Amino acid sequence: VQLQASGGGLVQAGGSLRLSCEASGRTFSTYTMAWSPQAPGKEREFVAAINWSGHRIFYAESVKGRFTISINNAKTTVDLQMNSLTAEDTAVYYCAAGGTLPSFRPTILGTYDVWGQGTLVTVSS
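Nothing here was measured: the structure is a model prediction, and the numbers come from that model.

Q: Break down the pairing of strand β4 (residues 32-38) for me, with residues and values.
A: Each regular strand displays side chains that alternate between the two surfaces of the sheet. Within β4, six of the seven residues are buried, which leaves it mostly tucked inside the rest of the structure. Across four bridges, the pairing between β4 and strand β5 (residues 48-51) is antiparallel. By the bridge assignment, W35 is partnered in β5 with A48. Bridge count for β4 against strand β9 (residues 91-98) is seven bridges, and the pairing is antiparallel. Among the inter-strand pairings, W35 is bridged to a residue of β9, identified as C95.

Q: Lay out the sheet that holds strand β3 (residues 17-24) in plain terms, naming residues and giving numbers.
A: By way of backbone hydrogen bonds, the strands of a sheet pair with one another, either parallel or antiparallel. Spatial strand order, β1-β3-β8-β7: four strands in an open sheet with antiparallel pairing. The sheet terminates laterally at β1 (2-6) and β7 (67-71), the two strands that pair on one side only. Between one strand axis and the next, the sheet turns through 15 degrees on average, direction left out of account. Two elements, β1 and β3, share five bridges in a ladder whose sense is antiparallel. The partner of S6 across the bridge, within β3, is S20.

Q: Account for the state of the cysteines, naming residues and giving values.
A: Throughout the structure, instances matching the rule amount to one disulfide. Put simply, C21 and C95 are joined by a disulfide, and their sulfur atoms are 2.2 Å apart. Disulfide C21-C95: the torsion about the S-S bond is 65 degrees, which places it as right-handed. Taken together, the residues span a long stretch of sequence, with C21 in strand β3 and C95 in strand β9 at a distance of 74 residues. In terms of burial, C21 and C95 fall into one category: buried.

Cut-offs and rules
Residues numbered from 1 in each chain as written. Predicted model: local features only at pLDDT ≥ 70, side-chain atom pairs only at ≥ 80, totals over all residues. Heavy atoms only, no water. Buried < 20%, exposed > 50% of the residue type's maximum accessible area, 1.4 Å probe, protein only. Helix = DSSP H or I, 4+ residues; strand = E, 2+ residues; numbered from the N terminus. Pairing = 2+ DSSP bridges. Axes fitted to C-alpha atoms, helices over the stretch in contact; angles between N-to-C directions. Disulfide = S-S within 2.5 Å.

Right under this line is the structure:
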């Protein structure tokens, strides 16, 4: 599977953006999908994940109540709705697919085995 992230851009603090991650090659069926921002000079961090059925969802504490992850019925696109953005949310956002490794854990980025290119989100204060 190949992943293509889109939807990044420049937004003012307090604003919203919706990111999309589209799969090609196969659907997300059997995968768990995650979004992971990487701020300048920092490591990638986990913010949200959703399993292929959409019934298991995980959020980092820092984004609970502000970000919403969702998967479309065709299991080909995973979105991240981001509200109440702050300057601290500025980062390149990557999407990832995982679940094929025995060591897989939905909130552990190192266990995801497919990564897309990132999309830049810039929040101006």
